[in-house]
Protein chains: 2
Amino acid sequence: MRILLDGMGGDYAPTEIVKGAVLAAREFNEQIAILGPEEEIRKCLADEGWDGNNIEVINCTEVITNNEAPAMAVKKKKDSTIARGMALMKEGEADAFISAGSTGALLAGGLLLLGRIKGIKRPAIVAFVPKIGMNDTTLLLDCGANVDSKPEYLLQNGIMGSTFVECVKGKKNPVVSLLNVGAEAAKGDELRKEAFKLLSDSDLNFSGNIEGRDVVGTDSDVVVCDGFSGNIFLKSSEGMALSLLNLLKSKLKEGVVAKLGAALSYNKLMEIKAEFDYSKEGAAPILGLKGAVLKMHGNSKAEEVYYAVKKAVPYVNNDVTGKIEKAIGRKSFLGL
Amino acid sequence: MRILLDGMGGDYAPTEIVKGAVLAAREFNEQIAILGPEEEIRKCLADEGWDGNNIEVINCTEVITNNEAPAMAVKKKKDSTIARGMALMKEGEADAFISAGSTGALLAGGLLLLGRIKGIKRPAIVAFVPKIGMNDTTLLLDCGANVDSKPEYLLQNGIMGSTFVECVKGKKNPVVSLLNVGAEAAKGDELRKEAFKLLSDSDLNFSGNIEGRDVVGTDSDVVVCDGFSGNIFLKSSEGMALSLLNLLKSKLKEGVVAKLGAALSYNKLMEIKAEFDYSKEGAAPILGLKGAVLKMHGNSKAEEVYYAVKKAVPYVNNDVTGKIEKAIGRKSFLGL
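Residues numbered from 1 in each chain as written. Chains lettered and ligands numbered in written order. Predicted model: local features only at pLDDT ≥ 70, side-chain atom pairs only at ≥ 80, totals over all residues. Heavy atoms only, no water.

## Thoughts on the sheet that holds strand β6 (residues 136–141) of chain A
Residues and elements named next belong to chain A. The 11 strands are arranged β3-β2-β1-β4-β11-β10-β5-β6-β9-β7-β8 in an open sheet whose pairing can be described as mixed. Both outer strands of the open sheet, β3 (55–59) and β8 (205–211), are each paired with one neighbouring strand and no more. Across the sheet, the axes of successive neighbouring strands diverge by a mean angle of 30°, strand direction being ignored. Sheet topology note: the strand β5 (residues 124–131)/β6 ladder contains 6 bridges and is antiparallel. The residue bridging P130 from the neighbouring strand is T137, located in β6. Across the face of the sheet, helix α7 (residues 190–201) comes into contact with β7 (175–180) and β8 while running at roughly 170° to β7. (Pairing = 2+ DSSP bridges. Helix = DSSP H or I, 4+ residues; strand = E, 2+ residues; numbered from the N terminus. Axes fitted to C-alpha atoms, helices over the stretch in contact; angles between N-to-C directions. Contact = heavy atoms within 4.5 Å.)

See below:
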């Protein structure tokens, strides 16, 4: 297996990306190719004391930033890490592409240079949402690839999410829910009402609607939504969690008694913080593209890179892409 | 001023509603009319030792539950507290109607029996979202009245929210934002792009888009959204906050040291909990109806009822309804 790593994506590139590549190369018996300016990447590898042969460097002279118009950037910057990565995937020269770079550029590059799985209308960006206190996550998709959605996209999100969870998490017949404003079948806007019908008529293990407040405590493995509300869901729960934890931190610094209390409950507070540490989840896949494309958080460090590579292995080995194509092709999923 | 109280709405009706009415009647020099089965309500009043004359009872023999189809229920149950309350408002016999009953029935009753303010396309349900650590709230609307929205509804939400904040909170020229998936002007779906233009061209103090994660820490007084994403926002942040606080509680009970720590930091933890205590915010208005209709949480107790009455007074005294009608009528708001 040959896994491509965007050496220039994210806030800590290339140093942390290279560090993570070395961590992964030490453990996994896979070929890792880092894309980026060769000299700089090789210097980082030398700093890590790496002299093995399962890390190669693919020289790329350009980088796409978060501030560029994605589609334009991937078309113009043919020697950028993202454009080169997608092209190598397209040519069958690589099995997975992992990047902490611009989500928009990854999506645009995926669509324009790699292409969609046959039958897929729109790729979807996935997020792993913590099931608070359960040491598990649920797969939320789409989180922002398509803000103007159609019912069929939501059905396809369910199929893609279900296939991914089955292949990568090894969970048989994953439970799929639809993010909605109420639990009853008749709830929601026109988009949700139609999607509910399609999901009900499909082969999926569809458990019905789920409300925003129930996702963090859900039994569902996959929560289906459109890119707009998925993004709102994700950012609003994230914002609330961060604000609360910050408030907790500052409150517990006020006064000697509270400080002492905080010191004594320190371990427990750290356990709570750990609930939000999803570095081990690896990168989030962009499902629906013709190959394993994984997006890391922009602030990813070596540990996240390591786990992203680790997660890419079963993605490729279990042929998630091929299985999504097969599932999408099955008539029954479309209720025909 | 005559304020109607739905004596049969919510989980703790009628006891807590009556208790709250008595608290309010003792402090405010307004006429309070409780709607409900007269005998039962009078018994509750007697239990509270109330013998004043600024609480009256309006006998209603029916109640609409949360399980009924709202529009059907308000049409059929003409002697229900909600139908009677709306009818009294329509006839000019009352200045405000406060209920902890079914939101759907209140909205349907408001639309069918009371009617919309002239020029208003759709009423909107408001929520007060905590600005964490700032001892303040921002007004989020719509939170679920209209799940299928048009750009003009969003503009009108901005106008209604801005007018409410100006009148009731006394804040001049409130800052209005649009809930969206990104901060830049070009972000979002078709609905958001159009709404952004309308809001930009209006007289409102429009500050642009706001992402889900920034609402709890925002300087905005009003956050505009459609009913679907508003509902998702509200319930997902609520779910995250509750899960976190519960986790905190259970973690701090594990082991003697953590328990001692929690005991010492108890006051601070209570201060954090208080950040989420919005009983003092009173009830949330359904804006756009031809009169002051306020919705309390279903789990409201006497204190919430007291604050709802307290909040209704400036709503009526400042003629929010009349001012919304005037604002909506202003050409400039529609960018014409």
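## Notes on the packing of aromatic side chains
One pass over the structure, following the stated rule, counts 9 aromatic pairs over all chains. Plain terms: the ring middles of B:Y306 and B:Y307 are 4.9 Å apart, the flat faces sit at 85° to each other, and that makes the pair edge-to-face. For the pair shown, B:Y306 and B:Y307 are each scored as buried. Here the guanidinium or amino end of A:K311 rests over the ring plane of A:F128, the centre of that ring lying 5.3 Å away. Between B:K301 and the ring centre of B:Y12, over which it is positioned, the NZ or CZ distance is 4.6 Å. (Phe/Tyr/Trp six-rings, centres within 6.5 Å; stacked < 30°, edge-to-face > 60°. Buried < 20%, exposed > 50% of the residue type's maximum accessible area, 1.4 Å probe, protein only. Lys NZ or Arg CZ within 6 Å of the ring centre and 35° of its normal.)

## Structural notes on empty space enclosed by the protein
With a probe scaled to a water molecule rolled over the atoms, the places where space remains empty come into view. All names here are of chain B. Summed over all chains, the structure comprises 2 cavities of 30 Å³ or more. Put simply, the second largest cavity is a space of about 30 Å³. D6, M8, G9, V63, I64, T81, I82, G101 and S102 are the residues that line the second largest cavity. (1 Å grid on protein atoms, 1.4 Å probe; cavity = no way out; pocket = protein on both sides within 12 Å on 5 of 7 lines; lining within 4 Å. Points joined across faces, edges and corners; volume = space filled by probe spheres on them.)

## Re the packing of helix α6 (residues 151–169) of chain A against α7(A)
Residue and element names in this part refer to chain A. Direction vectors running N to C along α6 and α7 enclose 45°, while the axes themselves pass 8 Å from each other. Relative to α7, α6 is oriented oblique. Judged by the twist between their axes, the crossing of α6 over α7 is right-handed. Touching P151, E152, L154 and L155 of α6 are L191, R192, E194, A195, L198 and L199, all from α7. Per-class residue counts for the contact of α6 with α7 are 7 nonpolar, no polar and 3 charged. (Parallel < 35°, antiparallel > 145°, perpendicular 65-115°, else oblique. Left-handed = near helix turned anticlockwise from the far one by under 90°. Nonpolar A, V, L, I, M, F, W, Y, C, P; charged D, E, K, R; others polar.)

## Remarks on the sheet that holds strand β9 (residues 222–224) of chain B
Backbone-to-backbone hydrogen bonds pair the strands of a sheet. The strands run either parallel or antiparallel. Residues and elements named next belong to chain B. Read across the open sheet, the 11 strands follow the order β3-β2-β1-β4-β11-β10-β5-β6-β9-β7-β8; overall the sheet is mixed. The sheet terminates laterally at β3 (55–59) and β8 (205–210), the two strands that pair on one side only. Adjacent strand axes in the sheet meet at a mean angle of 30° when their direction is disregarded. Sheet analysis places strand β10 (residues 284–287) next to strand β11 (residues 292–295), joined by 2 bridges and oriented antiparallel. Considered in β11, the bridge of P285 is made with L294.

## A closer look at the side chain of A:S229
Inspection of the secondary structure puts A:S229 in helix α8 (residues 227–251). A distance of 2.3 Å separates polar atoms of two side chains, one belonging to A:S229 and the other to A:D226. In this structure, A:S229 is in contact with A:L179, A:R192, B:F228 and B:I232, ignoring residues within four places of it in sequence. (Polar contact = N/O pair within 3.5 Å; in protein donor to acceptor, adjacent residues only side chain to side chain.)

## Brief notes about helix α11 (residues 302–317) of chain A
All names here are of chain A. If you check α11, its first and last C-alpha atoms are 23 Å apart, about what 16 residues at 1.5 Å a residue would give, namely 22 Å. The set of residues buried in α11 consists of A302, V305, Y306, Y307, A308, V309, K311, A312, V313 and Y315. Positive phi appears at D319, one or two residues downstream of α11, with a value of about 50°. (Expected span 1.5 Å × (residues − 1).)

## Some points on the pairing of strand β2 (residues 31–36) of chain B
Residues and elements named next belong to chain B. The buried fraction of β2 amounts to 5 of the 6 residues, a majority that puts the element mostly inside the structure. Here strand β1 (residues 2–6) pairs with β2 via 5 bridges, running parallel. Each residue of the ladder has a partner; that of R2, found in β2, is Q31. Following the chain from β1 across helix α1 (residues 15–27) to the adjacent parallel β2, one finds a crossover that is right-handed. In the classification by handedness, the crossover that spans β2, the intervening helix α2 (residues 38–47) and the parallel β3 is right-handed. (Right-handed = clockwise from strand over helix to strand, strands pointing away.)

## Focus on the nonpolar core
Ranked by internal contacts, the top residues of the largest apolar core, which has 94 residues, are A:L4, A:L179, B:L4 and B:L179. Once residues within four sequence positions are removed from consideration, B:L4 is found in contact with B:A33, B:L35, B:I58, B:G85, B:L88, B:M89, B:A94, B:A96, B:F97 and B:I98. Grouped together as the second largest cluster of nonpolar side chains are 64 residues, A:I120, A:L139, A:L191 and A:Y306 included. (Core = buried A, V, L, I, M, F, W, Y, C linked by side-chain atoms within 4.5 Å.)

## Some thoughts on a positive patch on the surface
Judged by side-chain charge, A:R116, A:K121, A:R122 and A:K150 come together as a positively charged surface patch. Take A:R116: it is sitting in the loop between α5 (103–114) and β5. (Patch = residues over 30% accessible without salt bridge, like charges linked within 9 Å, V, L, I, M, F, W, Y side chains within 5 Å. Areas by Shrake-Rupley, 256 points an atom, 1.4 Å probe, with all protein chains shown as cover. Salt bridge = Lys/Arg side-chain N within 4 Å of Asp/Glu carboxyl O. Lys, Arg positive; Asp, Glu negative; His and termini not counted. Charge placed at Lys NZ, Arg CZ, Asp CG, Glu CD.)

## Side note on the pattern of salt bridges
Under the defined criterion, the tally for this structure stands at 34 salt bridges over all chains. In this structure, the salt-bridge partner of A:K171 is A:D221, at a minimum N-O distance of 3.0 Å. With a gap of 50 residues between them, A:K171 in the loop between α6 and β7 and A:D221 in the loop between β8 and β9 (222–224) connect regions that are remote in the sequence. Judged by relative accessible area, A:K171 falls into the partly exposed class, the value being 36%. Across the pair B:R192 and B:D189 runs a salt bridge, and its minimum N-O distance is 2.9 Å. The same class applies to B:R192 and to B:D189, which are both buried. What you see here is one network of salt bridges that share partners, running through A:E211, A:R213, B:K235 and B:E238.

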